[in-house]
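# Structural overview for review
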Amino acid sequence: MLACPAIAQEISFEASVDRNTMAAGDRFNYTVTLTNAQGHITPPAFGEFTPQSGAMQTFSNSVVNGRMSQSVGYTWMLAAPDKEGTYTIPAASVKVGGGVIKSKPIRITVTSGAPQAGNTAPGANRDLFVSITLSKSKAYVGEPVTATWTLWSRYQELQLEKKDFPDPDGFWVERIDRSGSQWEDKIRTLNGLQYRVAVMQQQLLFPQKSGKLKVGPGTLSAVVGRSFFNRGERIEFGSNIAELTVTPLPPGEPADFSGVVGKLSMIAQLDRDNVRVDEAITLTVRISGEANLKLLDAPDLSFPGDFETYEPKTTDKIGVGIGGMSGSRTFEWVVIPRHEGEYPLPPISVSYLDQATGTYRTLKSDSLVVTVAAGASGPGTVPSVQRANKTDVHVLEEDIRYIRTGDLQLREQGGMLFGSLPYFAGMFAPSLAFALIFLYKRKQQSELGDAQGTRRRRADKVAKQRLKEAHGALRSGDKSVFYGALSQALHGYLSDKLNLGVAEVNSAVLLTKLGSSVESAALVSDIVALLDDCNLARFAPVDATPQQELYDRAATLIGRTENMLRS
């Protein structure tokens, strides 16, 4: 046997609060914890302290130095009295086994002054609220600002029901995807209180006008304190209002100012600078950086008069994150020179406001030169060119159709389906189809009940199947299979067609069934002769009659018999 040392477990019962000094009307948590025992807990008389929610139950297990301990706790949220002073929460008690354990009383000091709610709306619930914070308090028109909506909670159990975070007025709003809201791992402390924190939403805001712009408020509702034994309490709460001071753009903006505030760079290039007449070239201008790139329009370009130009194509690679909007916007022009020569293109320029320095900056490309040589047919010729479409075709709407012309398949006014031939045909067609199906089913059931009739009708089909087997054996040279299949084909056909047993197929019975006429006698004689030849050939060492001749005779006799029975 292995000796297992006993681990002593100490039983304890304690009461605690999250703080002992608070303002009048402030809220705090009162918790009692029973360790390594089970029993009925009796809370104290809270007296001047008003319960707000509870009791919320929690369980925990821990192992310290090889010893395991288990504990159960109950938490009440209490509101402090409205008057300042020193108050005492009496002892709580628990009945364990045959005895009673009591906790220590707790002294609370209540001071004057309104409770501090942190960054919440006036009169908000200080135990559950949403704060709106801005990445900066002052910005230019068009300068990006990040707004963060953060949930602060002192409740252990919280279930959000609905939320309403409206887009603020006066801003271009881009939402930042966070893939859901999750509680942070660490507990934050605000005004001496501990909170669980989760970021609910983040927005990238671009102010569109100067002045004092407001963000918020937002409203939410949640159920707190819900458990198996408690339906919980529904709470409506909201957020504060954040203000942003937006200053107008500095004076003296350049003529080519794009309206973008941030930091940009530009690249302009040709796919080739040596072409022939009527060959297309592509001019690409890519503007990259950190700014509201969606505000960028295509730069104004001045092409030579000998160039045929088309509308630029715009391609975006733009991402939105906590740091702002970044990426690139690319413009592509397709131009076709119509005459030979050397054509310089003027520099391309784009201006923006540098938010770091508050000054305008201008991006300018190098001068580009296009050399156009004579066409393939020589100078002075105008070859036929298939020109590209100047703009891509986009389907705008599909609810409006063109007026149809041509064969409209019109009918005379007043012509109606009711009373017409198609109307009566449609009315009586189902009844007629039902009657035909009924008669067909009756005939099918009658035929299934007539075993002899079914046998006669299938005789010809069965004979053809056996003749097919005999023909296969004839081609393969299998003598025994051939004669057996040929004999079975003839015997089977006659027995099925005349409703005879296999042993009844003889000349006397066949004459009785087929009649005593000269033709019947000749047919019976030929059938009996063929059967005798087949039986003789099956066991004779040498074929007296060629197999092909016997096969042809069998097929002919079956046909003669079928014709005689039909006549």
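Look above for the structure.
Residues numbered from 1 in each chain as written. Predicted model: local features only at pLDDT ≥ 70, side-chain atom pairs only at ≥ 80, totals over all residues. Heavy atoms only, no water.

### Examining the packing of aromatic side chains
Condition: Geometry of aromatic contacts follows a simple scheme: Phe, Tyr and Trp rings, the Trp one being its six-membered ring, pair when their centres are within 6.5 Å, and the pair is stacked under 30 degrees between planes, edge-to-face over 60, tilted otherwise. Put simply, DSSP marks the helices as runs of H or I at least four residues long and the strands as runs of E at least two long, and each gets a number from the N terminus on. When a residue's accessible area, from a 1.4 Å probe over protein chains only, is under 20% of the maximum for its type it is buried; when over 50% it is exposed; and in between it is partly exposed.
Here the structure, examined in full by the defined rule, presents 13 aromatic pairs. Both rings, one in F49 and one in Y87, keep their centres 5.9 Å apart while their planes meet at 80°; by these two values the pair is edge-to-face. Pair noted here: F49 is in the loop between β4 (40-42) and β5 (50-64) and Y87 is in strand β7 (residues 85-89), with a separation of 38 residues, a long-range link. Assessed through its relative accessible area of 2%, F49 is described here as buried.

### Some words on the pattern of salt bridges
The condition that has to hold: Definition used for salt bridges: Asp or Glu carboxyl oxygen within 4 Å of a side-chain nitrogen of Lys or Arg.
Tallying each qualifying case throughout the model produces twelve salt bridges. R234 is the salt-bridge partner of E236, the closest N and O atoms lying 2.6 Å from each other. The partner of D278 in a salt bridge is R338, with the nearest N and O atoms 2.5 Å apart. Here D278 is found in the loop between β23 (274-276) and β24 (281-290), whereas its partner R338 is found in the loop between β27 (324-337) and β28 (341-345), with 60 residues between them in sequence. For the residue pair D278 and R338, the accessibility class agrees, reading buried in each case. Via salt bridges that share partners, E161, R234 and E236 belong to a single interconnected network.

### Some remarks on the sheet that holds strand β12 (residues 138-140)
One key point about sheets: their strands pair by backbone hydrogen bonds, in either a parallel or an antiparallel sense. To keep it simple, the criterion reads: Think of it this way: DSSP has to see at least two bridges between two strands before they count as a pair. With axes taken as lines fitted to C-alpha atoms, and helix axes fitted only over the stretch in contact, angles between N-to-C directions fall between 0 and 180 degrees.
Read across the open sheet, the three strands follow the order β12-β21-β18; overall the sheet is mixed. Sheet topology places β12 and β18 (211-215) at the edges, where each strand pairs with a single neighbour. Within the sheet, the average angular offset between the axes of one strand and its neighbour, ignoring direction, is 35°. In this sheet, strand β21 (residues 242-247) lies alongside β12 in parallel orientation, the contact comprising three bridges. When the bridges of β21 are listed, Y140 appears paired with T247.

### Examining unusual backbone geometry
Along the chain, G216 connects to P217 via a cis peptide bond; the corresponding omega equals 5°. Here P217 shows up in the loop between β18 and β19 (219-224). One non-glycine residue, D278, adopts positive backbone phi at about 70°.

### Notes on helix α4 (residues 479-497)
Stated formally: What a helix is expected to span follows from its residue count: subtract one and scale by 1.5 Å.
The end-to-end C-alpha separation of α4 is 27 Å, in line with the 27 Å expected for 19 residues at 1.5 Å each. Among the 19 residues of α4, 15 are classified as buried, and the element is accordingly described as predominantly covered. Taken from the residues just after α4, N499 is the one with a positive phi, measuring 60°.

### A word on the pairing of strand β3 (residues 27-35)
β3 sits mainly inside the fold: seven of its nine residues count as buried. In terms of strand pairing, strand β1 (residues 12-17) meets β3 through six bridges, oriented antiparallel. Counted as the bridge partner of V17 is Y30 from β3.

### With respect to the environment of V141
Heads up, the condition is: Contacts are residue-level and defined by heavy atoms, with any inter-residue pair within 4.5 Å sufficient.
Mapped onto the elements, V141 comes out in the loop between β12 and β13 (145-153). Setting aside residues no more than four positions away along its own chain, V141 makes contact with P207, Q208, K209, S210, V246, T247, P248, L249 and V261.

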